Amino acid sequence: MAQAAIELIGINKSFGAVRANRDINLEVARGTIHGIVGENGAGKSTLMSILYGFYQADSGEIRVGGKPVSISTSNDAIALGIGMVHQHFMLVDNFTVLENVILGAENDALLKSSIAKARSELDRLEREYGLEVDPDAVIEELPVGLQQRVEILKALYRGAEILILDEPTGVLTPAEADHLFRILKQLKDQGKTIVLITHKLREIMAITDTVSVMRQGTMVATRVTKETTVGELAELMVGRRVLLRVEKGQSEAGAVKLSVKNLTVKDSRGVTMVDNVSFDVRGGEIVGIAGVAGNGQSELLEAISGIRHAVSGEVMLEGKPIDLTGKADPGELRDRGLAHVPEDRHHVGLVLAFEENENSILGYHDDERYLKGPFLDVDAIMADAKDKIEKYDIRPGNPRLKTANFSGGNQQKIVLAREMEQDPGVLIVGQPTRGVDVGAIEFIHKRLIAMRDQGKAVLVVSVELDEIRSLSDRILVMFAGRVVGERGPEATEGELGLLMAGVEHQEAAE
Amino acid sequence: MSTPYAKLPAWADYGLIPLINLSVAFIVAGFVVMLVGENPFRAAVILVEGAFGKGTGIAFTLFYATTFIFTGLSVAVAAHCSLFNIGTEGQAYIGGLGIALVCLSLDSVMPWWVIFPIAIVAAAAFGALWGLIPAYLQAKRGSHIVITTIMFNFIAASVMVYLLVGPLKPAGSQAPQTRNFLAGAELPKLNWIIELFGAKIRSAPLNICFLLALVMAFLIWLLIWRTRLGYEMRTYGHSPKAARYAGISETRIIITAMMISGALAGMMALNPVMGDQHNVAIDFVSGAGYVGIAVALMGRLHPVGIVLAAILFGMLYQGGAELAFEMPAISRDMIVIIQGLVILFAGALEHMFRPYIQALFASVSPKSVGMQAVNGKGA
Ligand SMILES: Nc1ncnc2c1ncn2[C@@H]1O[C@H](COP(=O)(O)OP(=O)(O)OP(=O)(O)O)[C@@H](O)[C@H]1O
Ligand SMILES: [Mg+2]
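Every chain is numbered independently, its residues counted from 1 as its sequence is written. Lettering of chains starts at A and numbering of ligands starts at 1, both following the order in which they are written. pLDDT decides what is reported in this predicted model: residues at 70 or higher carry local features, side-chain atom pairs at 80 or more are listed and counted, and totals for whole chains, interfaces and linings draw on all residues regardless. Excluding hydrogens and water, the side-chain values take into account all heavy atoms of the structure.

## Some remarks on the pairing of strand 6 (residues 82–85) of chain A
Residues and elements named next belong to chain A. Both faces of strand 6 are covered, namely the face carrying Ile-82 and Met-84 and the face carrying Gly-83 and Val-85. What makes two strands pair is DSSP finding at least two bridges between them. Helix numbering and strand numbering both begin at the N terminus, where a helix is a DSSP run of H or I of at least 4 residues and a strand a DSSP run of E of at least 2. Inspection of the sheet shows strand 6 paired to strand 7 (residues 162–166) by 4 bridges, in the parallel sense. When the sheet's bridge partners are listed, Gly-83 is paired in strand 7 with Leu-163. Burial here depends on accessible area, computed with a 1.4 Å probe over protein chains only, as a share of the maximum for the residue type. Under 20% is buried, over 50% is exposed, and the range in between is partly exposed.

Structure, rendered in structure tokens:
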């Protein structure tokens, strides 16, 4: 084996009673791409945070390039040539690319000379690694894929030899993800070492050289990627066989529960985001909306759930119209049996600063069950939260823990538990399994199918084609705000892919 | 990982850090005292003795603290809903108007225990009304609450000047203030409580508003953490998008929060007006509303913290007055500087020392840098 770029030896880290990392050993060879997979809450982010100096290990040793080092701040990590691309980008939105790249690394008192130097350096990096971005573009105007490239450039500009990426593709479209992987391969060819955390086992198979599996804080296995399979990895992660595609019976579609007619939605700048869309969802079926992110799916969901104003059209919930002026009361829609799992769980579906139990009533906080007059019935809320934790296996099972301290997959389970346990007639779900591990995906998919089998109408929006194909009874494809096709669950990936790219649509238009 | 620094244990967060901030404020203040040629240690002794040394001092300290509890709670309630209410000053001033109207019309016919509840309602209602207008403008028109509340402070001041030199001034009087209230509008003093502990009190304005302030602190705790309304305010305060999703009306929650905030500000006026001066005079709020901002920040928006911070500021006011009296080189303005330093270090620069303390904790005992014990299954 080539010389190790990083060695972690006997790393332990606890948060109170939660042992996030126990006796972890990990060795990553120089010039390779190493994947880390594991369930939500397995401790992957914690381990990388220790390497990057955000957290201190309780015990254990870190070696970089063979030498024992101590990393107590991210500056130490940067000095050792370790760079990190965060899941939630840490860029200044109204700065340009160039300004963001040099932020914190300005080395002259006068900005002007360092800017000139930085520009040529940035130019070199961009050319060398195929990371084209306009250095003068303002961050907030760039799509996420490019923002991520800026994060990578930032790390390289600081001289990173080892690059850590924590779930980098969660927010990317498939094309953007492909481009990212080409960049990563190029970086590897230039001798950089890359650690990639992801829940998408396919990505692991496609790009990594070696892969480690974590489970409940321990490192359970390391494999050479070529010698393993998706099935084996999934099994190692969860400790049992995982169904990568959940079985489901024939749907028995009943009456129409949700009906959308000629819906048109514009964004705040007046750009049409949803363009004359019509479809029905019947009780007992799952309708999936496929499409590349940004083709109007988010706006569609928001309009249906009463959060966003629609320009024209009609939405009927169980035969009665929904107020589309943007003034609809989401509380009233909930009473009428509409449950909504929003795409953006961090800002919309959850209040991260709240305790878990407080989030488990969000939106239902005016329900009598949780109240005693004007007061919150703390005991009832707690009992209810514990009940959901039990049923949905939310970990750690502590309803008093701050929601921000749950791992991504468990946060998603908190939202799903809340919405599904209300026994709604219609459930709309945006990106049900973004950032969620394979075991939890199986669980969530089973739950959604169980809802369907109870005769509920389920509308799922997802950018993951696999997910759409395995869940849906009918698939609608959105492109540029329109529904450009409807297919059955037997549709092939290629067929859907073409629709998503708008190919057929354009031909038809000509 | 969005937090670049790990968490500190609760005792360090709520005890150690404020203590360090406060010490630094006093050290810097000490240098200022040295600069004018006085002995900073003697100054510190005079300050603390002035505030807590004698019964009278304690009574004055608590009297000032009462005022700051009200204004601190007022700022905190709005802040939980992410509204920066700078208008506490004006709301308190207008609250005084409500009290004046009640007292001037009823003081000759009723005893204090009838007038007091009516005056509480009037003070709260007038303050709430003064908070309502900026709230409405923010909720419906998007006018920023910071700007409108500042403007409303000026409007309140002008209105009160007009009334106090005009309609509310007794004929023939030269002073811009109402006539003195009769016994019916004078609140009982609480000095006997301090005298129970054996201290002597000459004359001090500590009155039952102090107890009212403590009751309000408890009620606000209940409101914020134990009621549906408080839950909605906090949801909106942390994330307007989540509030929208949860069906919480933005207009309603902004207006409600600002009215509660205004009501608390208005109630502040009870303390100086009915408890001490027995009239409404020009400028009687004299900056207590702004001090409320510092008190709320320093008290971490929690009623218990606010009561403690209010007592600290009460001490600075009372001890500061003694200091200005005892040390001629130290003027009233110097006291304001010291108060400003406390606000600077405890409020504005609250997080200045945090990273160092965290690094220290991390190197001494990494285990302590995490969340409080979690009794989950582990993961
Ligand atoms: N600051 C914290 N305080 C308390 N517990 C924490 C904290 N950070 C993480 N944890 C807990 O430590 C465990 C490991 O979390 P970590 O974020 O490392 O998981 P992960 O493997 O990255 O999960 P995911 O795939 O969902 O991102 C979880 O149980 C989590 O709740
Ligand atoms: Mg993670």
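Further notes follow.
## Section: the side chain of Thr-433 of chain A
Within the element layout of this structure, Thr-433 of chain A appears in the loop between strand 19 (426–430) and helix 15 (438–453). Looking at Thr-433 of chain A, its side chain comes within polar contact range of the side chain of Glu-467 of chain A, at 2.4 Å. Think of a polar contact as two N or O atoms within 3.5 Å of one another; within protein, one of them needs to be a possible hydrogen donor and the other a possible acceptor, and neighboring residues in sequence only count if both atoms come from side chains.

## Re the site of ligand 1
The immediate surroundings of ligand 1 are formed by 22 residues, with Asn-40, Gly-41, Lys-44, Ser-45 and Thr-46 of chain A found nearest. With respect to ligand 1, the chains having nearby residues are chains A and B. Measuring from an oxygen atom of ligand 1, one finds a side-chain N or O atom of Glu-167 of chain A at 3.4 Å. Residue exposure ignores everything except the shown protein chains as possible cover, and the areas themselves are Shrake-Rupley values with a 1.4 Å probe. Isolated, ligand 1 exposes 640 Å² of accessible area, and the fraction of that covered by the protein chains is 95%. The set of elements that each furnish at least two residues to the shell around ligand 1 consists of strand 2 (18–29), helix 1 (44–51) and helix 14 (408–420) of chain A. When residues of the shell around ligand 1 are assigned to their parent elements, the largest contribution, 3 residues, is made by helix 1 of chain A. The nearness test applies per residue and asks whether one of its heavy atoms lies within 4 Å of the molecule or strand.

## Some words on unusual backbone geometry
Excluding glycine, a negative phi dihedral is what most residues carry, and trans is how most peptide bonds are arranged. Here Arg-395 of chain A and Pro-396 of chain A are connected by a cis peptide whose omega angle stands at -5°. Although it is not a glycine, Asp-393 of chain A sits at a positive phi angle of roughly 50°. Structurally, the position occupied by Asp-393 of chain A is in the loop between helix 13 (378–392) and helix 14. The exposure class of Asp-393 of chain A is partly exposed, given its relative accessible area of 26%. Backbone geometry at Leu-301 of chain B places phi at a positive 60°, although glycine is not the residue there. Following the sequence through the fold, Leu-301 of chain B ends up in the loop between helix 13 (288–298) and helix 14 (303–326).

## Quick look at the sheet that holds strand 14 (residues 312–317) of chain A
Residues and elements named next belong to chain A. One open sheet holds the 4 strands; their spatial order is 12-11-14-15, and the pairing between them is antiparallel. Every other strand in the sheet has two partners, leaving strand 12 (272–282) and strand 15 (320–321) as the edge strands with one partner each. Pairing analysis gives 5 bridges linking strand 11 (residues 256–266) to strand 14, with the strands arranged antiparallel. In the strand pairing of strand 14, Val-260 is matched with Val-315.

## So, the state of the cysteines
All names here are of chain B. To count as a disulfide, a pair of cysteine sulfur atoms needs to be within 2.5 Å. Counting across every chain of the model gives 0 disulfides over all chains. The structure places no disulfide on Cys-209, whose sulfur is separated from the nearest cysteine sulfur, that of Cys-103, by 11 Å. Cys-209 sits in the buried class, given a relative accessible area of 0%.

## Re the pairing of strand 4 (residues 59–64) of chain A
Residues and elements named next belong to chain A. For strand 1 (residues 4–15) and strand 4, the ladder comprises 5 bridges, and the chain directions are antiparallel. Note that in strand 4 the partner of Ile-6 across the bridge is Val-64. Direction of pairing for strand 4 relative to strand 5 (residues 67–69): antiparallel, over a ladder of 3 bridges. Its bridge partner lying in strand 5, Ile-62 is registered against Val-69. Between strand 4 and the antiparallel strand that follows it, strand 5, lie 2 residues; Gly-65 among them carries a positive phi value of about 60°.

## With respect to the side chain of Thr-198 of chain A
Residue and element names in this part refer to chain A. Mapped onto the elements of the fold, Thr-198 is located in the loop between strand 8 (193–197) and helix 7 (201–207). Given a relative accessible area of 2%, Thr-198 falls into the buried group. Residue contacts are counted whenever heavy atoms from the two residues lie within 4.5 Å of one another. Setting aside anything within four residues of it in sequence, one finds Thr-198 in contact with Ile-36, Val-37, Glu-167, Thr-169, Glu-203 and Ile-204.

## What about the domain arrangement of chain B?
Residues and elements named next belong to chain B. Entries for chain B in the domain assignment read domain 1 (8–38 + 327–357) and domain 2 (65–310). Either an automatic procedure or a domain database provided the assignment from which the domain bounds are taken. Each of domain 1 and domain 2 was reduced to a C-alpha centroid, and the two centroids are 27 Å apart. Listed by partner, the interface residues are 9 residues for domain 1 and 4 residues for domain 2. For this analysis, a salt bridge means a side-chain nitrogen from Lys or Arg found within 4 Å of a carboxyl oxygen belonging to Asp or Glu. Here domain 1 and domain 2 share 0 salt bridges between them. At the level of secondary structure, the elements contributing two or more residues to the side of domain 1 that touches domain 2 comprise helix 1 (10–35) and helix 15 (332–348).

## Focus: the environment of Arg-127 of chain A
Among the secondary structure elements, Arg-127 of chain A is positioned in helix 4 (residues 111–129). A relative accessible area of 60% means that Arg-127 of chain A is categorised as exposed.

## Observations concerning the confidence of the model for chain A
Overall, the predicted model of chain A reaches an average pLDDT of 89, with 96% of residues at or above 70. The secondary-structure element of chain A with the lowest mean pLDDT is helix 18 (residues 503–509) of chain A, recorded at 55, while helix 12 (residues 356–359) of chain A shows the highest, at 97. pLDDT measures the predictor's confidence residue by residue and takes values from 0 up to 100.

## A closer look at the pattern of salt bridges
Residue and element names in this part refer to chain A. In this structure the tally under the stated criterion is 39 salt bridges over all chains. Residue Lys-372 pairs with Asp-377 through a salt bridge whose shortest N-O separation is 4.0 Å. Note on Lys-372: relative accessible area 53%, which makes it exposed. Look at the salt bridges and you will find they share partners, linking Arg-202, Asp-466, Arg-469 and Glu-493 into a network.

## Things to note about the packing of helix 3 (residues 55–80) of chain B against helix 13 of chain B
Residues and elements named next belong to chain B. Interaxial distance between helix 3 and helix 13 falls to 7 Å at its minimum, and their mutual angle equals 65°. In terms of axis orientation, helix 3 runs roughly perpendicular to helix 13. Seen from above, helix 3 lies across helix 13 with right-handed handedness. Within the contact between the two elements, helix 3 uses Thr-67, Phe-68, Thr-71, Gly-72, Val-75 and Ala-76 and helix 13 uses Ala-288, Gly-289, Val-291, Gly-292, Ile-293, Val-295 and Ala-296. Classifying every residue of the contact of helix 3 with helix 13 gives 8 nonpolar, 5 polar and no charged. Angles shown run from 0 to 180 degrees and are taken between the N-to-C directions of axes, each axis being a line fitted to C-alpha atoms and, for helices, limited to the stretch in contact. Under this scheme an angle from 65 to 115 degrees is roughly perpendicular, one under 35 degrees roughly parallel, and one over 145 degrees roughly antiparallel; angles in between are oblique. Take the far helix as the reference: if the near one is turned anticlockwise from it by less than a right angle, the crossing is left-handed, and if turned clockwise, right-handed. Amino acid classes used here: Ala, Val, Leu, Ile, Met, Phe, Trp, Tyr, Cys and Pro are nonpolar; Asp, Glu, Lys and Arg are charged; the rest, including Gly, are polar.

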